[in-house]
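# Descriptive structure summary
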Amino acid sequence: MRILCTEITPYRQLQARAQAELGFELSFIQRDFQTTQRIAATEPDSYDIYDQCFHNLDIVWHWRAVQAIDIERIDLWSEINGLTKHGRIDLTAAVAVGDAPVSRLYVQDDQSLSSMPTGKISMLPTAHNFDSFGINETASGIDVDADVHSWSELLNPRWFGRVAIVDEPAIGVFDIALAARSAGRIEFDDIGNMSVEEIDALIDFATELRDSGHLATFWRTTEEATALMESGETWISSMWSPSVVALKSRQRTIRQAVPAEGYRAWHGGLCLAHHLRGHRLDRAYAYLNWFISGWPGSILARQGYYMSVDGRVREFLDEDEWNYWYNGQPAARPLPDPSGRPAIREGAIRSGGQYWKRASHIALWNSTMDEHNYLVRRWNHFISRSHSLPQRRRMG
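Residues numbered from 1 in each chain as written. Predicted model: local features only at pLDDT ≥ 70, side-chain atom pairs only at ≥ 80, totals over all residues. Heavy atoms only, no water.

A word on the overall build of the protein. In terms of regular secondary structure, the protein is built from 16 helices and 19 strands. Counting only contacts in the protein whose residues sit at least 6 apart along the sequence, the fraction spanning at least 24 positions is 69%. Counting every atom, the protein has about 15,500 Å² of accessible surface; 47% of that belongs to carbon and sulfur. (Helix = DSSP H or I, 4+ residues; strand = E, 2+ residues; numbered from the N terminus. Contact = heavy atoms within 4.5 Å. Areas by Shrake-Rupley, 256 points an atom, 1.4 Å probe, with all protein chains shown as cover.)

At Arg-64, a position not held by glycine, the phi torsion is positive, near 55°. Its location among the elements puts Arg-64 in the loop between helix H3 (57-62) and strand E4 (66-67). Even without being a glycine, Gln-251 presents a positive backbone phi close to 65°. Checked against the element boundaries, Gln-251 lands in the loop between helix H10 (241-249) and strand E14 (254-256).

Our focus in this paragraph is the side chain of Ser-298. Relative to the assigned elements, Ser-298 resides in helix H12 (residues 295-301). Accessibility expressed as a relative area gives 0% for Ser-298, which makes it buried. Only 2.5 Å separates the side chain of Ser-298 from the backbone oxygen of Trp-295, close enough to count as a polar contact. In this structure Ser-298 touches Val-313, Phe-316 and Leu-317, once residues within four positions along its chain are discounted. (Buried < 20%, exposed > 50% of the residue type's maximum accessible area, 1.4 Å probe, protein only. Polar contact = N/O pair within 3.5 Å; in protein donor to acceptor, adjacent residues only side chain to side chain.)

Residues three or four positions apart in an α-helix share a direction because the helix packs 3.6 residues into each turn. Taken across its 11 residues, helix H7 (residues 172-182) has 9 buried, putting it largely inside the fold. By the burial criterion, the buried members of H7 are Gly-172, Val-173, Phe-174, Asp-175, Ile-176, Ala-177, Leu-178, Ala-179 and Ala-180. Among the residues trailing H7, Gly-184 stands out with phi positive, at a value near 75°.

Another point: the pattern of salt bridges. On inspection of all chains with the given rule, the structure shows 23 salt bridges. The salt bridge involving Asp-48 is made with Arg-2; its shortest N-O contact spans 3.1 Å. You can see Asp-48 sitting in the loop between helix H2 (33-42) and strand E3 (49-53) and its partner Arg-2 sitting in strand E1 (residues 2-5), a full 46 residues away along the chain. On the basis of relative accessibility, which here comes to 0%, the residue Asp-48 falls in the buried class. One salt bridge in this structure joins Asp-32 and Arg-220, with 3.5 Å as the shortest N-O distance. Within this pair, whereas Asp-32 is found in the loop between strand E2 (27-30) and H2, its partner Arg-220 is found in the loop between strand E12 (215-219) and helix H9 (222-231), the two being separated by 188 residues in sequence. (Salt bridge = Lys/Arg side-chain N within 4 Å of Asp/Glu carboxyl O.)

This part covers the pairing of strand E13 (residues 236-239). Pairing analysis gives 4 bridges linking strand E10 (residues 124-136) to E13, with the strands arranged antiparallel. Along E13, the bridge assignment pairs Ser-132 with Met-239. Taken together, the 2 bridges between strand E11 (residues 163-166) and E13 define a ladder with parallel strand orientation. Within E13, the residue paired with Val-163 across the bridge is Ile-236. (Pairing = 2+ DSSP bridges.)

This part takes up the nonpolar core. Core analysis: the largest hydrophobic core is formed by 92 residues, its most contacted members being Leu-26, Leu-124, Phe-130, Tyr-287, Leu-288 and Tyr-326. For Phe-130, the contacting residues outside a window of four places in its chain are Leu-83, Tyr-263, Arg-264, Ala-265, Tyr-306, Tyr-355, Arg-358, Ala-359 and Ile-362. (Core = buried A, V, L, I, M, F, W, Y, C linked by side-chain atoms within 4.5 Å.)

This next bit is on the pairing of E12. Within a regular strand, side chains alternate between the sheet's two faces. Burial runs high along E12: 4 of the 5 residues are buried. Relative to E12, E11 is paired through 4 bridges, and the arrangement is parallel. Bridge pairing links Val-166 to Trp-219 in E12.

It is worth spelling out the packing of aromatic side chains at this point. Counted according to the given criterion, the structure contains 24 aromatic pairs. With centroids separated by 5.5 Å and ring planes inclined at 55°, the aromatic side chains of Trp-379 and Phe-382 adopt a geometry described as tilted. Taken together, the positions of Trp-379 and Phe-382, both in helix H16 (residues 372-388) and 3 residues apart, correspond to about one turn of that helix. You'll find Trp-379 and Phe-382 in the same group, each marked buried. Chaining the aromatic ring pairs together yields one cluster made of Phe-130, Tyr-263, Tyr-306, Trp-322, Tyr-326, Tyr-355 and Trp-356. The ring centre of Trp-77 lies 4.8 Å from the NZ or CZ of Lys-85, which sits over that ring. When the ring centre of Tyr-263 is taken as origin, the NZ or CZ atom of Arg-358, which lies over that ring, is 4.9 Å away. (Phe/Tyr/Trp six-rings, centres within 6.5 Å; stacked < 30°, edge-to-face > 60°. Lys NZ or Arg CZ within 6 Å of the ring centre and 35° of its normal.)

Moving on to the environment of Trp-322. Looking at the element boundaries, Trp-322 is found in helix H14 (residues 319-325). The exposure class of Trp-322 is buried, given its relative accessible area of 3%. Trp-322 sits 24 residues away from Ser-298 along the chain, and the two C-alpha atoms are 9.1 Å apart. In contact with Trp-322, not counting residues within four places along its chain, are Asp-310, Arg-314, Leu-317, Asn-327 and Trp-356.

Okay, structure coming up:
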């Protein structure tokens, strides 16, 4: 089976056990988000399973690059939690704006996608998380939990020349948008689905930040984000959990903020390629069922990600790990990363606390907006100009 995926999937830690338990070989094709989406849409015969995010689903579904998944063939469908099935983790939480997975989860008779339950789904919900930005507490001398409470912190002059943003138009642009809105610089009718005029205002604002020297650089992979923070080139940055775990394993004091406005959330999933039939389709379903069976989720947990079938994950994490990663309790001992290396110090508490609390505090979901093509053109031009500018002297 050929699995087209992004770096969300730690396939090097998963591959051997998956092949042993499934009884067939797996080939992982790992690319960045934009490249993965392009391949998925334009080369649908080159892969069997598409491992991506719900906000990257619309294009491949529009081109019929993937096929509907029969819920009856998903063994643990009844155990998948409400975050994707209903749009919220429990009835007390609101459904956040943007591309909430439930909005495109169920396949209707006319092949459209919506939140109305049917017997077929577009993508099997898997890994997910609630992101914000990370700060190097050691280099900056800032106590994040005590002193940082808003997305507007990305605009604070104390970070001049030390700010990095992820280079992905369906993700990084929202970090800037949340900061701009929180600081009262830009208002949006719908921050998850901006108009052309709002996109123009936002990119113009980002250009001001770049040209003034406030924004230092942009990154595409967790390795790049980790290296920028480790070197001291950046002190505050869009941050994904694997970078935080990697930096902690290297004895760096990195803390993710808990913005009062809420997190920018994302949700991954698995799709079946349109061409699958017969025994190859059977194998694909076997992989989907294996991926949510519990053990893969424990590997993802050790890099800071959650799994849609959290009850099964608990069976493969020891009590100390479960209490830290899901329950938000202090680490009772040093805890390992996905490769088994010590990463989390004894006594550390996960930023934001317990899973269910974090899942109830979402500002918006990563989104592919109606004007996505226009956004991509403006974003790519903005990024290309960023690379061509000379490096500025940083303050601090």
